[in-house]
Amino acid sequence: MAIGDAGGVGPELAAKLLADPALKDQDVVVVGDASVLKMGASHAGVTLDLPVVSADQVGSLPSGHVLVDLGNIPADTVTLGGSSPETGAASLQNFAAVLRLAKAGIADAVMFTPFNKHSMRLARPAYVDEIGFIDRVLDTDRSGREFNVLEEVWNARVTSHIPLSEVASKMSVERILGSLRLTHETMTGAGKPNPRIGVAALNPHAGDGRNFGTEDDDIIAPAVAAGVAEGIDAKGPIPSDTVFVRAVRGEFDAVLTMYHDQGQIAMKLMGFDRGVTLIAGYGFPIVTPAHGTAFDIAGKGRADLGATLQAALLGARLAALNPARDRQPLPADWATAGVEGAQAAMAE
Ligand SMILES: NC(=O)C1=CN([C@@H]2O[C@H](COP(=O)(O)OP(=O)(O)OC[C@H]3O[C@@H](n4cnc5c(N)ncnc54)[C@H](O)[C@@H]3O)[C@@H](O)[C@H]2O)C=CC1
Ligand SMILES: NCC(=O)COP(=O)(O)O
């Protein structure tokens, strides 16, 4: 688990989670700054007694919960409730380190408490979102995708963290088909075989016979047909104002939406306090609460643990379902190196 942005609710949620009995049987390697975790525990009103291990002890760890203290953002330098390059840089370092632990097969799942993309961009101007960063740290060109997960329905997206004005131009049969395949694969791997996927339309009333927009007929419908021809149980395009209504009535296990908020508004209304973002496609699950850094309540002890707890439980469940992965060598500088390189590569 990487401790999220120190200026937000990430530290208190990390501390609260570590104190929660639901996690007592899990082995958790927490990566971040010890003083920030201590601050989080104080805000959350919990007591933690976490052994601190050094980076070179990882690989032969005791079971239970341990902290790798990177000492990268002393709590007394943190201003709660706002973005900063310092908290962004520490978040990036914590994240890169836990990704390397998972790549080496030492961690079975990665979790993070909320990051702040503005802080991360202040630290590294090439930063856009977690997906691009993960690709660089893991050195892969097969990007994963985000899913939003509630027990009753999953939401996958064709586009994610891009300006709304670019959504229509990014849509293609291949891209939608790729999202359908990944949704089918990921849910099947998560123990929900042959998921029924409702595909949201882009335009009002799915274009209403080409009255307002042609993407539904010309791009989404052929992509759905291609998915069905491959054996994927997909239906659409379905007007996006009713596709979630149909899903929660039991018709679909997942909804594939065309852009971020088309799905997020529905998902967060249905289950803000239990919504999980799963980043899938990398060989191990990466999970985080679907909510963000909540700067308006940071440090006030009011942050609800629900979504963070569900994220941890989903990560553990998915890791247990997946076969053991081969161990790879862990670079000696796994906890500190490579962020510069990753960011430089992103800027190219
Ligand atoms: N897991 C992650 O790393 C995520 C990070 N983000 C990032 O978080 C930052 C802020 O995003 P916003 O859009 O402002 O959304 P936000 O989720 O941080 O806040 C929206 C509202 O929900 C409330 N809220 C959020 N979490 C809560 C909790 N656990 N308990 C009680 N109330 C809670 C906040 O107080 C605020 O009023 C952005 O930089 C965004 O990229 C957003 C979503 C997920
Ligand atoms: N930091 C993770 C993240 O932003 C995922 O959140 P969302 O795209 O699901 O809103």
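The structure we're discussing is the one just above.
Note that the structure is predicted; figures quoted are calculated from it, not measured.

Trainee: I'd like to hear about the site of ligand 1, residue by residue, with values.
Mentor: Around ligand 1 sit 17 residues, and of these T288, P289, G292, A294 and D296 come closest. Within the contact set of ligand 1, a nitrogen atom lies 2.8 Å away from a backbone nitrogen or oxygen of P289. Here an oxygen atom of ligand 1 and a backbone polar atom of T293 are 3.1 Å apart. Relative to its unbound accessible area of 820 Å², ligand 1 is 66% covered by the protein chains. Counted by class, the shell around ligand 1 contains 9 nonpolar, 5 polar and 3 charged residues.

Trainee: Lay out the sheet that holds strand 3 (residues 65-69) with the relevant residues and their values.
Mentor: Strand order in the open sheet made by the 3 strands is 1-3-2, with parallel pairing throughout. Each having just a single partner strand, strand 1 (28-32) and strand 2 (52-53) make up the two edges of the open sheet. The sheet contact formed by strand 2 and strand 3 spans 2 bridges and is parallel. When the sheet's bridge partners are listed, V52 is paired in strand 3 with L67.

Trainee: Please give an account of helix 7 (residues 173-189) that cites residues and values.
Mentor: The end-to-end C-alpha distance of helix 7 is 24 Å, a good match for the 24 Å that 17 residues give at a rise of 1.5 Å each. When we look at burial in helix 7, the residues that qualify are I176, L177, S179, L180, L182, T183, H184, T186 and M187. Taken from the residues just after helix 7, G191 is the one with a positive phi, measuring 90 degrees.

Trainee: Describe in detail the nonpolar core, supporting the description with residues and values.
Mentor: In terms of nonpolar packing, the biggest core is built from 60 residues, with I176, V199 and L278 touching the most fellow members. Leave out the neighbours within four places in its chain, and L278 touches R145, E146, F147, V149, W154, T186, P285, I286, V287, L314 and L318. F112, F115, A123 and F284 belong to the second-largest nonpolar core, a separate cluster that totals 34 residues.

Trainee: Talk me through the site of ligand 2; I want residue IDs and the actual numbers.
Mentor: What surrounds ligand 2 is the set F112, K117, E130, N148, R157, H161, H260, Q264 and T277. K117 has a polar side-chain atom sitting 2.2 Å from an oxygen atom of ligand 2. One of the side-chain N or O atoms of E130 is found 2.8 Å from a nitrogen atom in ligand 2. Residue composition of the shell around ligand 2, grouped by class: 1 nonpolar, 5 polar and 3 charged.

Trainee: Give a description of the environment of R100 that names residues and reports values.
Mentor: The topology assignment puts R100 in helix 3 (residues 85-103). Here R100 falls in the buried class, since its relative accessible area comes to 12%. Taking C-alpha positions, R100 is 22 Å from L23, a pair spaced 77 residues apart along the chain. Reaching out from R100, the side chain makes a polar contact with the backbone oxygen of W334 at a distance of 2.5 Å.

Trainee: Break down unusual backbone geometry for me, citing the residues and quoting the values.
Mentor: Note that the residue after G236, namely P237, is joined by a cis bond; omega there is 5 degrees. Mapped onto the fold, P237 is located in strand 8 (residues 234-238). Residues other than glycine seldom take positive phi values, yet H205 does so here, at roughly 50 degrees. Position of H205 relative to the elements: it lies in the loop between strand 7 (197-200) and helix 8 (215-229). Judged by its relative accessible area of 44%, H205 is partly exposed. Notably, D208 is not glycine yet its phi reads approximately 50 degrees, a positive angle. Considering the arrangement of structural elements, one finds D208 in the loop between strand 7 and helix 8. Using a relative accessible area of 40% as the deciding quantity, one classes D208 as partly exposed.

Trainee: Before we move on, could you go through the pairing of strand 6 (residues 154-157) and cite the residues and values that matter?
Mentor: As a general feature of sheets, a regular strand has side chains that alternate between the two faces. Residue alternation in strand 6 divides its side chains into two sets, W154 and A156 and N155 and R157, and both sets are buried. Taking the residues between adjacent antiparallel strands as the criterion, strand 5 (residues 145-149) and strand 6 are bridged by 4 residues. Pairing of strand 6 with strand 9 (residues 254-257), which is carried by 4 bridges, proceeds in the parallel orientation. Within strand 9, the residue paired with N155 across the bridge is V255.

The rules behind these values
- Residues numbered from 1 in each chain as written.
- Chains lettered and ligands numbered in written order.
- Predicted model: local features only at pLDDT ≥ 70, side-chain atom pairs only at ≥ 80, totals over all residues.
- Heavy atoms only, no water.
- Near = heavy atom within 4 Å.
- Polar contact = N/O pair within 3.5 Å; in protein donor to acceptor, adjacent residues only side chain to side chain.
- Areas by Shrake-Rupley, 256 points an atom, 1.4 Å probe, with all protein chains shown as cover.
- Nonpolar A, V, L, I, M, F, W, Y, C, P; charged D, E, K, R; others polar.
- Pairing = 2+ DSSP bridges.
- Helix = DSSP H or I, 4+ residues; strand = E, 2+ residues; numbered from the N terminus.
- Expected span 1.5 Å × (residues − 1).
- Buried < 20%, exposed > 50% of the residue type's maximum accessible area, 1.4 Å probe, protein only.
- Core = buried A, V, L, I, M, F, W, Y, C linked by side-chain atoms within 4.5 Å.
- Contact = heavy atoms within 4.5 Å.

Purely geometric stuff here, so don't read any function into it on its own.
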